[in-house]
Amino acid sequence: GAGVSQTPSNKVTEKGKYVELRCDPISGHTALYWYRQSLGQGPEFLIYFQGTGAADDSGLPNDRFFAVRPEGSVSTLKIQRTERGDSAVYLCASSPLGQAGGPVRTGELFFGEGSRLTVL
Amino acid sequence: QKEVEQNSGPLSVPEGAIASLNCTYSDRVSQSFFWYRQYSGKSPELIMSIYSNGDKEDGRFTAQLNKASQYVSLLIRDSQPSDSATYLCAVNRMDSSYKLIFGSGTRLLVRP
């Protein structure tokens, strides 16, 4: 596809359940990011992948959150023992990788439409 | 204090007017500055970036940066109803240029 694809677009789950959110970046983009956006707030950084490795996971709130990108393309964000406070839109973004390890045109991230997670 | 501050709005302007959106940031090592537009229920999209003090114009949009005052603004000339959206200010730092820090956004409403 032409853009970043995220599935599911909506996920409703019960407190304590396990959830997986998938991101398929733009073909050829080696950098992949996960952000979380709560209602009325801006996106909040979670994790950044360069290729297969997580270069910076400092934004993950706690050890219930984990993300992988095993083949350097598709990424999965995994949330264990979900809590009501995890309810938000989870945004995935990708970009080409520049020489300094950041986006080619720094700051230009291509976002997917997001996965809206609701924890009841 | 939040690292990037924006007035939540809504900022309401009539069609054809100039909309002025403002943003302040607290970290003096912030390197680059961006404006993203987000329509309701949609994902953010980059509309302007600015790296040095002064003005940068692109069509109807002008970004202004004043690093001494730690202030970034976005002017939208000849505002159209289709400009109605939330505008997110974002910054990054030289030591982590991949990481954007977003403000909470200003909602703009352009009245026909």
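Below is a summary of the structure that appears in this document. (Residues numbered from 1 in each chain as written. Chains lettered and ligands numbered in written order. Predicted model: local features only at pLDDT ≥ 70, side-chain atom pairs only at ≥ 80, totals over all residues. Heavy atoms only, no water.)

Side note on the state of the cysteines
Residue and element names in this part refer to chain A. By the definition in use, this model includes two disulfides over all chains. Disulfide partner of Cys-23: Cys-92, at an S-S distance of 1.9 Å. As the torsion about the S-S bond is roughly -70 degrees, the Cys-23-Cys-92 disulfide counts as left-handed. One end of the pair, Cys-23, is in strand β3 (residues 19-24); the other, Cys-92, is in strand β9 (residues 88-95), and 69 residues separate them in sequence. (Disulfide = S-S within 2.5 Å. Helix = DSSP H or I, 4+ residues; strand = E, 2+ residues; numbered from the N terminus.)

Observations concerning the pairing of β9(A)
Residue and element names in this part refer to chain A. Of all eight residues that make up β9, eight are buried, and the element is covered over most of its length. Neither face of β9 is open: one carries Ala-88, Tyr-90, Cys-92 and Ser-94, the other Val-89, Leu-91, Ala-93 and Ser-95, and all of them are buried. Pairing of strand β4 (residues 31-37) with β9, which is carried by seven bridges, proceeds in the antiparallel orientation. Looking across to β9, one finds that Trp-34 is bridged to Cys-92. Relative to strand β10 (residues 110-111), β9 runs antiparallel, the two being bridged by two bridges. In the sheet register, Ala-93 faces β10, and the bridge partner there is Phe-111. (Buried < 20%, exposed > 50% of the residue type's maximum accessible area, 1.4 Å probe, protein only. Pairing = 2+ DSSP bridges.)

As for the nonpolar core
Phe33(B), Trp35(B), Val72(B), Leu74(B), Ile76(B), Tyr87(B) and Leu108(B) are the most contacted members of the largest nonpolar core, which totals 23 residues. Secondary-structure elements contributing two or more residues to this core are β3 (19-25), β4 (30-38), β5 (45-50), β7 (61-66), β8 (71-76), β9 (85-93) and β11 (106-111) of chain B. Non-local contacts of Tyr87(B), meaning those with residues more than four positions away in its chain, are made with Gln6(B), Leu21(B), Trp35(B), Tyr36(B), Arg37(B), Ile47(B), Leu74(B), Ile76(B), Gly105(B), Thr106(B) and Leu108(B). Among the nonpolar cores identified, the runner-up in size contains 20 residues, and Leu21(A), Ile26(A), Leu117(A) and Val119(A) belong to it. (Core = buried A, V, L, I, M, F, W, Y, C linked by side-chain atoms within 4.5 Å. Contact = heavy atoms within 4.5 Å.)

A word on the pairing of strand β7 (residues 65-68) of chain A
Residues and elements named next belong to chain A. Side chains Phe-65 and Ala-67 of β7 all project onto a buried face; the interleaved residues Phe-66 and Val-68 project onto a face where none is buried. Inspection of the sheet shows β7 paired to strand β8 (residues 75-79) by four bridges, in the antiparallel sense. Looking across to β8, one finds that Ala-67 is bridged to Leu-77. Taken together, β7 and the strand that follows it, β8, pair antiparallel across an intervening segment of six residues, in which Gly-72 is found at a positive phi of about 80 degrees.

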